[in-house]
Amino acid sequence: MTGGAPGGGRRVVRVAVVDDDRMLRDGLASWLGRADVRAADAEPGAGDAESGADGAGAGAGAARTAAAGPGTGPAAPLLRLLAAEATVDALLAAGGAAAEVVLLDLVLRDGSAPEDNVRRLRAAGCRVLVISTVADRERIVATVAAGADGYLTKDHSLEVLAEAVGAVAAGGTAHSPELAFAWAHDSTPDRPRLAPRELQVLLDYASGLTLKATARRARISPNTAKYYLDQVKEKYQRAGRPAYTKIDLAARVREDGWGTPPTAQGPSPTAQGPPTTA
């Protein structure tokens, strides 16, 4: 569903929004509409997408696009807003399933369950980035377990949001301190409670990185990275779900809905651990 490659080879990521805060919907539409590069100009035949009656969609004329933020390099994707609606029902009825990534508000006033909203959007072929004002740990964990590709609170900058959308569209997971905190405090009986640094090391190592590369990304020594992995294995053992090998750890990551970290993932939130050795 990805668009062409306007703007020096950059691809277009089609985005939709489900949020019952009209001010936020209008704000995102305005932000995307101010971009200097408009993908529709380079994509003959691309139709204009309208949202519902609130008028927060892509609008007439060029589709609204935006670069994925400063400092992301020439290959950073452009973002095109297809539609912005107050409910998942309205988005799907308006053709929002054509979006690659849907920004989904965690709690909607229509009373729909967040995890059900995620499942419906994933079933429609969209990847889902959950956003909210307040970090509700239980609901965050439930949405990611249901298939969401990341979580951000709304106090992050637009540049961070755009980078997260790009990571999700590329098949990665948008990690954030809030998501790591939610996982660390998850009380699901068969899912071990991992510290933020343990989770980061697990995700990087299980994604295929070597132990040395995992340590380098986390800015710790290989010995410290091995310590965290041993802690993770021990916790899974106590939970009755042993993980002896890298393949086992990758399976646990998939089972617990943690996904795979994007290749551009930066250092994780710090956590207490053993002293770093040289």
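Residues numbered from 1 in each chain as written. Predicted model: local features only at pLDDT ≥ 70, side-chain atom pairs only at ≥ 80, totals over all residues. Heavy atoms only, no water.

1. A closer look at the packing of aromatic side chains
- All chains considered together, the criterion is met by 1 aromatic pair.
- Relative to Tyr228, the ring of Tyr227 has its centre 5.8 Å away and its plane inclined at 70°; by these criteria the two rings are edge-to-face.
- For Lys246, the ring lying beneath its charged end belongs to Tyr205, and the centroid distance is 4.3 Å. (Phe/Tyr/Trp six-rings, centres within 6.5 Å; stacked < 30°, edge-to-face > 60°. Lys NZ or Arg CZ within 6 Å of the ring centre and 35° of its normal.)

2. Points about the environment of Leu158
- Mapped onto the secondary structure, Leu158 falls in helix H6 (residues 158-169).
- Accessibility expressed as a relative area gives 34% for Leu158, which makes it partly exposed.
- When residues no more than four places from it in sequence are discounted, the contact partners of Leu158 are Leu28 and Trp31. (Helix = DSSP H or I, 4+ residues; strand = E, 2+ residues; numbered from the N terminus. Buried < 20%, exposed > 50% of the residue type's maximum accessible area, 1.4 Å probe, protein only. Contact = heavy atoms within 4.5 Å.)

3. Remarks on H6
- For H6, spanning 12 residues, the distance from its first C-alpha to its last is 16 Å, which sits close to the expected 16 Å at 1.5 Å a residue.
- Burial in H6 covers these residues: Leu161, Ala162, Ala164, Val165, Gly166, Ala167, Val168 and Ala169.
- After H6 finishes, the residue Gly171 shows a positive phi value of roughly 100°. (Expected span 1.5 Å × (residues − 1).)

4. Here we look at the pattern of salt bridges
- In this structure the tally under the stated criterion is 12 salt bridges.
- The residue Asp230 makes a salt bridge to Lys226 at a minimum N-O spacing of 3.0 Å. You can see Asp230 and its partner Lys226 sitting in helix H10 (residues 222-238), 4 residues apart, about one turn around the helix.
- Residue classification places Asp230 among the partly exposed positions, given a relative accessible area of 34%. (Salt bridge = Lys/Arg side-chain N within 4 Å of Asp/Glu carboxyl O.)

5. Some words on the environment of Thr87
- Among the secondary structure elements, Thr87 is positioned in the loop between strand E3 (78-85) and helix H3 (88-93).
- Put simply, Thr87 and Asp19 are 68 residues apart on the chain and 6.8 Å apart in space, counted from C-alpha to C-alpha.
- When residues no more than four places from it in sequence are discounted, the contact partners of Thr87 are Val18, Leu108 and Asp110.
- Of the polar contacts made by the side chain of Thr87, one reaches the backbone nitrogen of Ala90; its length is 3.0 Å. (Polar contact = N/O pair within 3.5 Å; in protein donor to acceptor, adjacent residues only side chain to side chain.)

6. Concerning the packing of helix H4 (residues 114-123) against helix H5 (residues 137-145)
- Where H4 contacts H5, the two axes come as close as 8 Å, and the packing angle between them is 20°. The angle between H4 and H5 places the two elements in the roughly parallel class. The two elements H4 and H5 meet at a crossing, and its hand is right-handed. In this structure, H4 uses Pro114, Glu115 and Val118 to contact H5, whose residues at the interface are Arg139, Ala142 and Thr143.
- Broken down by class, the residue content of the contact of H4 with H5 amounts to 3 nonpolar, 1 polar and 2 charged. (Axes fitted to C-alpha atoms, helices over the stretch in contact; angles between N-to-C directions. Parallel < 35°, antiparallel > 145°, perpendicular 65-115°, else oblique. Left-handed = near helix turned anticlockwise from the far one by under 90°. Nonpolar A, V, L, I, M, F, W, Y, C, P; charged D, E, K, R; others polar.)

7. Here's the deal with the packing of helix H8 (residues 196-206) against helix H9 (residues 211-218)
- Contact geometry of H8 with H9 gives a least axis separation of 9 Å together with a crossing angle of 135°. The pairing of H8 with H9 is recorded here as oblique in orientation. As H8 runs across H9, the sense of the crossing is right-handed. Of the residues in H9, those in contact with Arg197, Gln200, Val201, Asp204 and Tyr205 of H8 are Leu211, Thr214, Arg217 and Ala218.
- The class makeup of the residues in the contact of H8 with H9 is 4 nonpolar, 2 polar and 3 charged.

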